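Single-letter residue listing:
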Amino acid sequence: QVQLVESGGGLVQAGGSRRLSCAASGLTFKTYTMGWFRQAPGKEREFVAGMRWNTGSTKYSDSVKGRFTISRDNTNQMIYLQMSSLEPEDTAVYYCAAAGPFKPVVVSTSEYDYWGQGTQVTVSS
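Quick caveat: nothing in here was measured; it's all calculated off a predicted structure.

Asks: Report on the overall build of the chain, specifying residues and quantitative values.
Replies: When helices and strands are tallied, the chain shows zero helices and eleven strands. On C-alpha atoms alone, the chain measures out to a radius of gyration of 13 Å, which is about the 14 Å that the 2.2 N^0.38 rule sets for 125 residues. With the C-alpha coordinates aligned to their principal axes, the bounding extent of the chain is approximately 40 × 30 × 25 Å. In the chain, which comprises 125 residues, the proportion classed as buried is 42%. Long-range contacts, defined as pairs at least 24 residues apart, comprise 60% of the intrachain contacts of the chain with a sequence gap of at least 6. A total of about 6,200 Å² of accessible surface is found on the chain, and carbon and sulfur atoms cover 46% of it. Averaging the coordinates of the 12 positive side-chain charges in the chain and doing the same for the 10 negative ones gives two points 5 Å apart.

Asks: Tell me about the pairing of strand 9 (residues 92-99), residues and numbers included.
Replies: The buried fraction of strand 9 is high, at seven of eight residues. In the sheet, strand 4 (residues 33-39) pairs with strand 9 via seven bridges, with the strands oriented antiparallel. Across the sheet, the residue bridging to Gln-39 is Val-93, located in strand 9. Examined bridge by bridge, strand 9 and strand 10 (residues 114-115) share two bridges and lie antiparallel to one another.

Asks: Give a description of the pairing of strand 5 (residues 46-51) that names residues and reports values.
Replies: In the case of a regular strand, side chains alternate between the two sheet surfaces. Counting buried positions along strand 5 gives five out of six residues, so the element sits mostly inside the fold. With five bridges connecting them, strand 4 and strand 5 associate as antiparallel partners. Bridging from a neighbouring strand, Phe-37 pairs with Phe-47 of strand 5. Turn length for the strand 4-strand 5 hairpin, with the two strands adjacent in sequence and antiparallel, is six residues, and the turn residue Gly-42 shows positive phi of about 80°. Where strand 5 and strand 6 (residues 58-60) come together, three bridges link them in antiparallel fashion. Within strand 6, the position partnered with Ala-49 by the bridge is Tyr-60. Hairpin remark: strand 5 followed by strand 6, antiparallel, with six residues in the connecting loop; positive phi at Gly-56, about 75°.

Asks: Which residues make up the sheet that holds strand 3 (residues 18-25), and what values do they have?
Replies: The strand order across the open sheet built from four strands is 1-3-8-7, with neighbouring strands paired in antiparallel fashion. Every other strand in the sheet has two partners, leaving strand 1 (3-7) and strand 7 (68-73) as the edge strands with one partner each. Put simply, the sheet's adjacent strands are angled 15° from each other on average, direction ignored. When strand 7 meets strand 8 (residues 78-83), the two strands line up antiparallel, connected through six bridges. Across the sheet, Ile-70 pairs through a bridge with Leu-81, a residue of strand 8.

Calculation criteria
Residues numbered from 1 in each chain as written. Predicted model: local features only at pLDDT ≥ 70, side-chain atom pairs only at ≥ 80, totals over all residues. Heavy atoms only, no water. Helix = DSSP H or I, 4+ residues; strand = E, 2+ residues; numbered from the N terminus. Rg over C-alpha atoms; globule rule 2.2 N^0.38 Å. Buried < 20%, exposed > 50% of the residue type's maximum accessible area, 1.4 Å probe, protein only. Contact = heavy atoms within 4.5 Å. Areas by Shrake-Rupley, 256 points an atom, 1.4 Å probe, with all protein chains shown as cover. Lys, Arg positive; Asp, Glu negative; His and termini not counted. Charge placed at Lys NZ, Arg CZ, Asp CG, Glu CD. Pairing = 2+ DSSP bridges. Axes fitted to C-alpha atoms, helices over the stretch in contact; angles between N-to-C directions.

Written as C-alpha cells, this is what we have:
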C-alpha cells in the first residue's frame, strides 16, 4: 500500500520561510518522479514543483520559481519543499504526489498516481 505523508505546514509571516516534508512508503521510490502541488480555497489544484526520478532535474511553476526549492532523499524516501520569501498568495493546502514509474516531470494532476493527504500553509500579511 502506497502512502505519502506530508508534514511541516503551519502559520508563517509574509517574507518568512518554511520547509515541507513528505515521507513515502510502499513504492519503489527511486523510480518515481515526485511533485508538489497546492490548492487554495475556491481554486483548482496547481503544480508547484517537480523532480525527475533519475536525473534529478527540476521544474517549477512561474509563481514560485526562485523562491521554492524541491529536493529528494532516495535513501530515506523523502521529498522536501523549501519555501522562502513567502507571500499571502502562497496560502494553500500543499500536497506531495508521485508519478511513475519512470515518468518525466509532469505538471498535470492526472499524470500523478499517488497523493498525500495535504498540509496547510497559511501566510499572514
